[in-house]
Amino acid sequence: MVERNFGEDLNESDRFDYAAIGKFLITKFLLTMSDHQSPFQHSEVNDPRHQEVVQLLKQVIEPTLKNDVVSLGMVRNLRIVDDYVYLRLYIGSHQHQLQTEIQSKLSFLTWCKKTYIQICTIPGVKITLAVSSGKGGVGKSTTAVNIAAALRLQGAKVGLLDADIYGPNVPQMLGLGQADIQVIHTPTGDKFLPLEVQGIKLMSVGLLVEENRPLAWRGPVLHKIITQFLQDVEWGELDYLLIDLPPGTGDAQITIIQESPVCGVILVTTPQQIAIADVRRNIYMFRQVGVPVLGIVENMSYLICGDCGARTPIFGSGGGEQLAAELQAPLLGQIPIDPDICSGGDTGNPIAISVGVARRRHRTSPASEVFVQIATALNTTFSNCREPD
């Protein structure tokens, strides 16, 4: 491998021009993104046959999200070699009929001798959702845990994949200490067996390292670990698998999105404009890889006065509504600042799990009700994908 020094691609006169260095880094980043972003092969995009295939694929509509399989990012790595069409189809366990529909549509191609479709799915998992944020510190993992808990409370079979390599805190939030991961033998090879806690199946990168040790993974090692977590976990039958993504828009996030059958993303933000600006960068990444935004969750929206009930928007207001309007996506919920959310995460008792007990005592918190509202919205969206227990 040939080593290259930083700045080697810059002109000598620009070597210490920080504006030029910044431009150089941004250009390198955009070139890297271009390698990741397209679900198709760049060399074939201008091929008339390629466009013909894409137009036929756009006639295949996913019935739940009511959009075509190309726009939803379900078709990736489309290639035409000689007179053969190759593609990957990323689907949930309930969507295998889409393969037949695609084969039927592409049968109209007079020049195509055969279509090869590689099915990419997580066995037993119907709906895979990503929970993402543009930056850390906005309560993304807390939101993911409580949405999972609220879905479980409504009778769904739920799994939670803690893929936040920068802060894998989900085990603690569910009250799980250090635990060994079991490896079981299956007909398709050795698989990790997820832990089950509070009715939620859990797998976390935090379970692979010693307590208080950093996850110092880089490059190929990081890619391999993430890929294993997506492909080598025996989840069993799940209605939902929620993936808690790392914050930001780096290689880890792109790998997870490209290697998993994510059918949509839930974006978590706080109301202030600084957080909104970071979420917009996140949105750009998801659009480039063709993953739809299912909705916005605005966290820390306001503080409720314990005496008079007045709402104080400590971090500003309107950010979540602004994003929802820009994206034409629903604002799934505005979560107030509530000390019980913090204490629940620290003690392993998510506020959404305690909502059932609170209702029986005729007192519920506004925050827990918002998580129930979000879960209800998701269940409504995917109602035809779930079978009643």
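Everything here concerns the structure above.
Note that the coordinates shown come from a computational prediction; the quantities given were computed from them, not determined experimentally. (Residues numbered from 1 in each chain as written. Predicted model: local features only at pLDDT ≥ 70, side-chain atom pairs only at ≥ 80, totals over all residues. Heavy atoms only, no water.)

1. Remarks on the overall build of the protein chain
Argument step 1. Looking only at helices and strands, the protein chain has twelve helices and 17 strands in total.
Argument step 2. Expressed as a percentage of its 389 residues, the buried residues of the protein chain come to 49%.
Argument step 3. In the protein chain, the share of contacts with a sequence separation of at least 24, taken over all contacts with a separation of at least 6, comes to 74%.
Argument step 4. Surface exposure of the protein chain reaches about 19200 Å², of which carbon and sulfur atoms provide 51%. (Helix = DSSP H or I, 4+ residues; strand = E, 2+ residues; numbered from the N terminus. Buried < 20%, exposed > 50% of the residue type's maximum accessible area, 1.4 Å probe, protein only. Contact = heavy atoms within 4.5 Å. Areas by Shrake-Rupley, 256 points an atom, 1.4 Å probe, with all protein chains shown as cover.)

2. Re the pattern of salt bridges
Argument step 1. Evaluation of the coordinates by the stated rule reveals eight salt bridges.
Argument step 2. Taking the shortest distance from any N to any O, the salt bridge between K191 and D232 comes out at 4.0 Å. Taken together, the residues K191 in strand β9 (residues 189-193) and D232 in the loop between α6 (219-231) and β12 (238-244) connect sequence positions 41 residues apart.
Argument step 3. Accessibility expressed as a relative area gives 11% for K191, which makes it buried.
Argument step 4. With a shortest N-O distance of 2.7 Å, E326 and R280 are connected by a salt bridge. Placement of the pair is E326 in helix α9 (residues 319-327) and R280 in helix α8 (residues 273-289), with a sequence separation of 46 residues. (Salt bridge = Lys/Arg side-chain N within 4 Å of Asp/Glu carboxyl O.)

3. Some points on the sheet that holds strand β17 (residues 331-334)
Argument step 1. With mixed pairing, eight strands are arranged side by side in an open sheet as β10-β11-β7-β12-β6-β13-β14-β17. The open sheet has two edge strands, β10 (195-197) and β17, and neither has a second partner. Shown here is a sheet whose adjacent strand axes are inclined to one another by a mean of 25°, direction ignored.
Argument step 2. Examined bridge by bridge, strand β7 (residues 158-162) and strand β11 (residues 200-204) share five bridges and lie parallel to one another. Counted as the bridge partner of L160 is L202 from β11.
Argument step 3. The sheet contacts of α9 involve β13 (264-269), β14 (293-298) and β17, and relative to β14 the element is tilted by about 165°. (Pairing = 2+ DSSP bridges. Axes fitted to C-alpha atoms, helices over the stretch in contact; angles between N-to-C directions.)

4. Notes on the packing of helix α7 (residues 251-259) against α8
Argument step 1. Two elements in contact, α7 and α8, have axes whose closest approach is 11 Å; the angle formed by their N-to-C orientations is 35°. Between α7 and α8 lies a crossing whose hand is right-handed. Here α7 contributes Q253, I254, I257 and Q258 to the contact with α8, which in turn contributes M285, F286 and V289.
Argument step 2. In terms of residue class, the contact of α7 with α8 is made up of five nonpolar, two polar and no charged. (Left-handed = near helix turned anticlockwise from the far one by under 90°. Nonpolar A, V, L, I, M, F, W, Y, C, P; charged D, E, K, R; others polar.)

5. As for the pairing of strand β3 (residues 75-81)
Argument step 1. In terms of strand pairing, β3 meets strand β4 (residues 84-90) through five bridges, oriented antiparallel. Bridge pairing in β4 links V81 to Y84.
Argument step 2. What sits between β3 and β4 in their antiparallel hairpin is a turn of two residues, with D82 showing a positive phi close to 55°.

6. A few points about the environment of T121
Argument step 1. Take T121: it is sitting in the loop between β5 (114-120) and β6 (125-132).
Argument step 2. With a relative accessible area of 28%, T121 lands in the partly exposed category.
Argument step 3. The contacts of T121, once residues within four sequence positions are left out, are I91, G92, S93 and P261.
Argument step 4. From its side chain, T121 meets the backbone oxygen of I91 in a polar contact 2.8 Å long. (Polar contact = N/O pair within 3.5 Å; in protein donor to acceptor, adjacent residues only side chain to side chain.)

7. Let's talk about the pairing of strand β8 (residues 182-186)
Argument step 1. Pairing of β8 with β9, which is carried by five bridges, proceeds in the antiparallel orientation. Pairing of I184 across the sheet is with K191, part of β9.
Argument step 2. A loop of two residues connects β8 with β9, the two strands running antiparallel in sequence.

8. Quick look at unusual backbone geometry
Argument step 1. Within the chain, D82 stands out as a residue other than glycine whose phi angle is a positive 55°.
Argument step 2. The residue D82 is located in the loop between β3 and β4 in this model.
Argument step 3. Judged by its relative accessible area of 58%, D82 is exposed.
Argument step 4. In this structure, M300 is a non-glycine residue whose phi angle is positive, near 55°.

9. Describing the side chain of E298
Argument step 1. Relative to the helices and strands, E298 is located in strand β14.
Argument step 2. This buried residue, E298, is left without a salt bridge; R311 holds the nearest opposite charge, at 8.7 Å.
Argument step 3. Setting aside its immediate chain neighbours within four residues, E298 contacts T269, T270, P271, G318, G319, G320, E321, L331, G333, Q334 and I335. (Lys, Arg positive; Asp, Glu negative; His and termini not counted.)

10. Notes on the packing of helix α4 (residues 140-153) against helix α12 (residues 366-381)
Argument step 1. For the pair α4 and α12, the least separation of the axes is 8 Å and the interaxial angle reads 65°. Accordingly, the angle class assigned to the pair α4 and α12 is roughly perpendicular. Note on packing geometry: the crossing formed by α4 with α12 is right-handed. Together, T143, N146, I147, A150 and L151 of α4 and F371, V372, I374, A375, L378 and N379 of α12 make up the contact between the two elements. (Parallel < 35°, antiparallel > 145°, perpendicular 65-115°, else oblique.)

11. Some thoughts on the packing of aromatic side chains
Argument step 1. This structure, assessed with the given rule, holds four aromatic pairs.
Argument step 2. With 6.3 Å between their ring centres and 45° between their planes, Y84 and Y116 make a pair best called tilted. Separated by 32 residues along the polypeptide, Y84 in strand β4 and Y116 in strand β5 bring together distant segments of the chain.
Argument step 3. Plain terms: the ring middles of Y86 and Y116 are 5.1 Å apart, the flat faces sit at 10° to each other, and that makes the pair stacked. Residue Y86 is located in strand β4, and its partner Y116 is located in strand β5; the two are separated by 30 residues in the primary sequence.
Argument step 4. When its relative accessible area of 35% is taken as the criterion, Y116 is described as partly exposed.
Argument step 5. Every member of this aromatic cluster is reached through a ring pair, and the members are Y84, Y86 and Y116.
Argument step 6. Residue placement shows R79 over the ring face of Y86; its charged tip is 5.2 Å from the ring centre.
Argument step 7. In this structure, R311 is placed above the aromatic ring of Y302, and the distance from its NZ or CZ to the ring centre is 4.2 Å. (Phe/Tyr/Trp six-rings, centres within 6.5 Å; stacked < 30°, edge-to-face > 60°. Lys NZ or Arg CZ within 6 Å of the ring centre and 35° of its normal.)

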